[in-house]
Amino acid sequence: MNALNSEAFTLFGQHVIWSDMVGNTFGLAALALGWRRSLWTWPVQFLSGIILFGAFFGHLTGSAGKQAVVMAVALWGWWQWSRGRKGSGDGQIAVRFATWRERLAMIAAAAAGTVAVALFFTAYPKLSWDPWPDAYIFVGTVVAMYAQARGMVEFWFAWLLVDLVGVPLNFANGYAFSGFVYVIYGALVLWGLRDWWLRSRRAGRPVPEGAPA
């Protein structure tokens with residue numbers, strides 16, 4: 001793991017380490033696979049989480065903890081998509097807009113979760129350099145992955161909101177490649193949002209609340 005945490009190269013004065021670069025490259029691939037509604041998005045996301053856990057563990061414990069949660073949600077997402085992909089008619093996951101109740105529940109969970117995690121990080125400063133933005137990204141990522149697992153178009157909106165904070169925070173903490181990847185995430189998110197939006201409108205059939213995506 002020491003080799004993975006060594007410097008790969010310097011770009012625009014920013015030191016890029018191998019684990020940061022490799023882990024986020026897999027994360028980028030996972031997002032692209034999610035856009036294509038491929039079941040492989042979840043194993044690739046899980047692999048990205050393992051590598052980034054190694055990158056953060058030991059000095060950014062809070063970020064390492066986020067990756068542990070990401071890996072757990074990736075396993076759950078794989079299970080959800082394995083169950084639900086037959087519903088689209090093409091062997092892939094069917095996508096839809098969330099109901100207003102689901103949207104309000106996700107917003108409330110994101111707000112409460114961010115406050116709770118930020119207060120926890122504040123109480124234990126060694127877990128995070130920037131408790132509030134780090135908590136926002138932590139909880140926002142989990143909410144986005146939850147929405148993705150349920151096939152909700154709002155998944156892409158959640159990722160956009162995470163990107164707004166993720167880019168400057170990663171650059172500030174010395175993870176330059178993560179920052180660059182978040183910029184690319186933004187472009188992929190816009191394309192993915194358009195694709196899922198159009199697919200949900202073409203489907204034109206309501207999904208009962210609480211049913212698998």
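Keep in mind the model is a prediction, meaning the values are calculated, not measured.

Q: A description of the confidence of the model for the chain should follow, citing residues and the corresponding values.
A: Residues shown with low pLDDT carry predicted positions that ought not to be read at fine detail. Taken residue by residue, the chain gives an average pLDDT of 80. The fraction at 70 or more is 77%. Helix H4 (residues 100-123) holds the highest mean pLDDT among the elements of the chain, 95, whereas strand E1 (residues 7-11) holds the lowest, 63.

Q: Give me the layout of surface pockets: which residues, what numbers.
A: Its boundaries defined by the atoms lining it, the largest pocket holds a volume of some 350 Å³. Ile 107, Ala 110, Val 143, Ala 158 and Leu 161 are, among the 17 residues lining the largest pocket, the residues nearest its centre. Where the lining of the largest pocket is concerned, the elements lending two or more residues are H4, helix H5 (131-149) and helix H6 (154-172). Looking at the lining of the largest pocket residue by residue, the class counts come to 13 nonpolar, two polar and two charged.

Q: Tell me what's going on with a nonpolar patch on the surface, and back it up with residues and numbers.
A: A cluster of nonpolar residues, Trp 76, Trp 78, Trp 79 and Tyr 146, forms a patch on the protein surface that exposes about 410 Å² of accessible area. Per element, the largest residue contribution to the nonpolar patch is three residues, and it comes from helix H3 (residues 61-84). Mapped onto the elements of the fold, Trp 79 is located in helix H3.

Parameters and conventions
- Residues numbered from 1 in each chain as written.
- Predicted model: local features only at pLDDT ≥ 70, side-chain atom pairs only at ≥ 80, totals over all residues.
- Heavy atoms only, no water.
- pLDDT = per-residue confidence, 0-100.
- Helix = DSSP H or I, 4+ residues; strand = E, 2+ residues; numbered from the N terminus.
- 1 Å grid on protein atoms, 1.4 Å probe; cavity = no way out; pocket = protein on both sides within 12 Å on 5 of 7 lines; lining within 4 Å.
- Points joined across faces, edges and corners; volume = space filled by probe spheres on them.
- Nonpolar A, V, L, I, M, F, W, Y, C, P; charged D, E, K, R; others polar.
- Patch = residues over 30% accessible without salt bridge, like charges linked within 9 Å, V, L, I, M, F, W, Y side chains within 5 Å.
- Areas by Shrake-Rupley, 256 points an atom, 1.4 Å probe, with all protein chains shown as cover.
- Salt bridge = Lys/Arg side-chain N within 4 Å of Asp/Glu carboxyl O.

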